[in-house]
Structures are given as C-alpha cells and as structure tokens.
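Geometric and topological summary
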Amino acid sequence: MSAAPHVTVPPTLEAPLPTTLPRLAEKKRLGEPIVMITAYDYPSAQVAQAAGVDMVLVGDSGAMTVLGYPSTVAGIDR
C-alpha cells in the first residue's frame, strides 16, 4: 500500500478569524457570501482551511460512496 501524498499548504500572511455563529450572522446581514465545502479526508480539509473557507463539513459517507462499504463505519453492517 502506498502512502498518501504529503500536502504542503503555503502559510498565509494573516490567520483568518475563527468562524463563529455571530460572525456567520453578520456575514448574512451584510449580504456577504458564506463559503462551505465538504472534505472527506484530512488533506482536503487542510487545503480548505488554508484557502480561507468559512466552514468545512467533515463528511463521513466517503467510506460508502468512494469505497463501497455498506455503512459509514468500516467493518460494521447496519
């Protein structure tokens, strides 16, 4: 089995502020877009975070949709 490729994310000049519910409400009030993406693995989540995505949904269905498992918990048939 080969190892997953190492993802190098360039450092940003300024760390983004953490996304909080009040910050999301303010963006909505101002009509600013809220950016959300689903990440099915750690490298994808790292890239999304480095890109400044407001929210990252961590999907647990990758085992089902990508690998064909019968449930989201490997080794358990539901």
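Being a predicted model, the structure only gives us computed values, none of them experimental. (Residues numbered from 1 in each chain as written. Predicted model: local features only at pLDDT ≥ 70, side-chain atom pairs only at ≥ 80, totals over all residues. Heavy atoms only, no water.)

Note that strand β1 (residues 36-39) and strand β2 (residues 55-58) share 4 bridges and pair parallel. The partner of I37 across the bridge, within β2, is V56. A crossover connection joins β1 to the parallel β2 through helix α2 (residues 42-50); in handedness this β-α-β unit is right-handed. (Pairing = 2+ DSSP bridges. Helix = DSSP H or I, 4+ residues; strand = E, 2+ residues; numbered from the N terminus. Right-handed = clockwise from strand over helix to strand, strands pointing away.)

It should be kept in mind that the predicted coordinates are not to be read in detail where pLDDT is low. Mean pLDDT over the chain stands at 77; residues scoring 70 or higher make up 72%. Across the chain, element-level confidence peaks in helix α1 (residues 21-30) with a mean pLDDT of 94 and bottoms out in helix α3 (residues 62-65) with 72. (pLDDT = per-residue confidence, 0-100.)

Our next topic: the environment of I34. Within the secondary structure layout, I34 lies in the loop between α1 and β1. Overall, I34 belongs to the partly exposed group, its relative accessible area being 40%. Each C-alpha atom, one on I34 and one on V53, is 8.2 Å from the other, the two residues being 19 residues apart in sequence. When near neighbours in sequence (up to four residues on either side) are disregarded, I34 contacts L24, K27 and D54. (Buried < 20%, exposed > 50% of the residue type's maximum accessible area, 1.4 Å probe, protein only. Contact = heavy atoms within 4.5 Å.)

Our next topic: the environment of T38. With respect to the helices and strands, the residue T38 is situated in strand β1. Between the C-alpha atom of T38 and that of V58, which follows or precedes it by 20 residues, the distance is 5.8 Å. Excluding residues within four positions of it along the chain, T38 makes contact with L57 and G59.

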